[in-house]
Amino acid sequence: MNIHVWEGFGEVLWEVAMALFPMLIFFLFFHFFFLKLPKKKLKDIFVGMVLTFLGLALFLQGVHVGFMPAGEAMGQILVENTARWIVIPIGFILGFLAIFAEPAVRVLNQEVEKVSGGYIPAKVLLYTLSIGVAISVALAMLRILWDISLWYLVIPGYVIAFLIAFRSKKDFVSIAFDAGGAATGPMTVTFILSIAIGFASGMEGRDPLMDGFGMIALVALTPILTVLVLGLLYGRKEKEKDEQSAESA
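Residues numbered from 1 in each chain as written. Predicted model: local features only at pLDDT ≥ 70, side-chain atom pairs only at ≥ 80, totals over all residues. Heavy atoms only, no water.

1. Here we look at the nonpolar core
Within soluble globular proteins, side chains that are nonpolar generally end up buried alongside one another.
Now for step 1: One finds Ile-99, Leu-129, Met-141, Phe-199, Met-215, Val-227 and Leu-228 to be the most contacted residues of the largest nonpolar core, which totals 47 residues.
Now for step 2: Secondary-structure elements contributing two or more residues to this core are helix H2 (39–81), helix H3 (87–98), helix H4 (103–115), helix H5 (122–146), helix H6 (151–165), helix H7 (170–183), helix H8 (186–202) and helix H10 (215–248).
Now for step 3: Of the residues forming this core, the biggest block, ten residues, is contributed by H10.
Now for step 4: The residues contacting Ile-99, other than those within four sequence positions of it, are Val-105, Leu-126, Leu-129, Ser-130, Val-133, Ala-183 and Thr-188. (Core = buried A, V, L, I, M, F, W, Y, C linked by side-chain atoms within 4.5 Å. Buried < 20%, exposed > 50% of the residue type's maximum accessible area, 1.4 Å probe, protein only. Helix = DSSP H or I, 4+ residues; strand = E, 2+ residues; numbered from the N terminus. Contact = heavy atoms within 4.5 Å.)

What follows is the structure, given as structure tokens:
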């Protein structure tokens, strides 16, 4: 077994334990004084916490030894060995695929489908978010290539989002802004951001600190826009149905 893979794993275990321990204490307080859950349910919760602890620790270790170095290496290779414009379509594809493995997005999609009674299918929301993140990663690569200030993308984007929010279906407004946060999960932050930083590091005249970062802000923005547009489409579809019903009546 490669010892290097497990280097620093003890520190990761400690960090995860310190992050989960306050939540465990808080839960136990509520259990003993308010919830008083049955033993079987309590056992299932503790098993889930142990699995969460191990999963987070293994994931973070994988990020340190795998995702981040691989992402930075890919970004630098793209600068050195290919036409630089190719990073835009590559960024689009990677952004689209990253959301399929994003745990927070999976949970959001399932909850939306369940609460809406199937009115908003999980697959429709998943593809909507994937398109949004794909656009954001492509824009981030374009920003690095052309040295575009982040303000020129973020401010107009949020202005457009707020304008669309007044026209979109109310159901979708809250979902949209939650979707922006869910999309900025561990897959995007660790892998896609590392590629952007590696790409900025390899380009002459680009500062990784100034140009490589800022992508997560775009990732948080574009899913809001795409979900709000989805709300407009749903609203238009319902309006057409109402008109057809009125005509048939």
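2. As for the packing of aromatic side chains
Now for step 1: A complete count under the given rule lists twelve aromatic pairs for this structure.
Now for step 2: Look at Phe-29 and Phe-34: their rings are 6.2 Å apart centre to centre, the planes differ by 65 degrees, and that puts the pair in the edge-to-face class.
Now for step 3: Ring centres 5.2 Å apart and planes at 75 degrees place the aromatic pair Tyr-119 and Tyr-234 in the edge-to-face group. Residue Tyr-119 is located in the loop between H4 and H5, and its partner Tyr-234 is located in helix H10; the two are separated by 115 residues in the primary sequence.
Now for step 4: With a relative accessible area of 31%, Tyr-119 lands in the partly exposed category.
Now for step 5: Cluster of aromatic residues (ring-pair linked, three or more members): Phe-26, Phe-29, Phe-30, Phe-33 and Phe-34. (Phe/Tyr/Trp six-rings, centres within 6.5 Å; stacked < 30°, edge-to-face > 60°.)

3. Concerning unusual backbone geometry
Now for step 1: One non-glycine residue, Lys-36, lies in the positive phi region at around 50 degrees.
Now for step 2: Locating Lys-36 in the fold gives a position in the loop between helix H1 (9–35) and H2.

4. Considerations on the confidence of the model for the protein
Now for step 1: Averaged over the protein, the pLDDT score is 86; the fraction of residues at 70 or greater is 97%.
Now for step 2: Across the protein, element-level confidence peaks in H6 with a mean pLDDT of 93 and bottoms out in helix H9 (residues 208–212) with 79. (pLDDT = per-residue confidence, 0-100.)

5. Quick look at the pattern of salt bridges
Now for step 1: A full pass over the atoms with the stated rule returns three salt bridges.
Now for step 2: Put simply, Asp-44 and Lys-40 hold a salt bridge, and the shortest N to O gap is 3.6 Å. One end of the pair, Asp-44, and the other, Lys-40, are both in helix H2, four residues apart, so they sit about a helical turn from each other.
Now for step 3: Between Lys-169 and Glu-238 there is a salt bridge; the shortest N-O distance is 3.3 Å. Separated by 69 residues along the polypeptide, Lys-169 in the loop between H6 and H7 and Glu-238 in helix H10 bring together distant segments of the chain. (Salt bridge = Lys/Arg side-chain N within 4 Å of Asp/Glu carboxyl O.)

6. Examining the side chain of Thr-222
Now for step 1: With respect to the helices and strands, Thr-222 occurs in helix H10.
Now for step 2: Using a relative accessible area of 8% as the deciding quantity, one classes Thr-222 as buried.
Now for step 3: Once residues within four sequence positions are removed from consideration, Thr-222 is found in contact with Gly-132, Val-133, Ile-135 and Ser-136.

7. Focus: the packing of H6 against H10
Any two packed helices are characterised by the angle at which their axes cross and by the distance between the axes.
Now for step 1: At a minimum axis distance of 10 Å, the contact between H6 and H10 shows a crossing angle of 25 degrees. The angle between H6 and H10 falls in the class roughly parallel. Judged by the twist between their axes, the crossing of H6 over H10 is left-handed. Facing H6, whose interface residues are Leu-153, Val-154, Gly-157, Tyr-158, Ile-160, Ala-161, Ile-164 and Ala-165, H10 presents Ala-217, Leu-218, Ala-220, Leu-221, Ile-224, Leu-225, Leu-228, Val-229 and Leu-232.
Now for step 2: For the contact of H6 with H10, a count of residues per class yields 16 nonpolar, one polar and no charged. (Axes fitted to C-alpha atoms, helices over the stretch in contact; angles between N-to-C directions. Parallel < 35°, antiparallel > 145°, perpendicular 65-115°, else oblique. Left-handed = near helix turned anticlockwise from the far one by under 90°. Nonpolar A, V, L, I, M, F, W, Y, C, P; charged D, E, K, R; others polar.)

8. Let's talk about the side chain of Ser-168
Now for step 1: Along the chain, the position of Ser-168 falls in the loop between H6 and H7.
Now for step 2: Residue contacts for Ser-168: discarding those within four places in its chain leaves Leu-228, Gly-231 and Leu-232.

9. Topic: the UniProt feature "transmembrane region" (unreviewed entry) in the protein
Now for step 1: Under the present numbering, the feature "transmembrane region" (unreviewed entry) in UniProt falls on residues 12–33, 45–63, 83–103, 124–144, 150–167, 179–200 and 212–234.
Now for step 2: With 100% helix and 0% strand, residues 124–144 has end C-alpha atoms that lie 31 Å from one another.
Now for step 3: Helix makes up 91% of residues 212–234 and strand 0%, and the two end C-alpha atoms of the span are 36 Å apart. (UniProt positions renumbered as here; feature names shortened; annotations may be inferred.)

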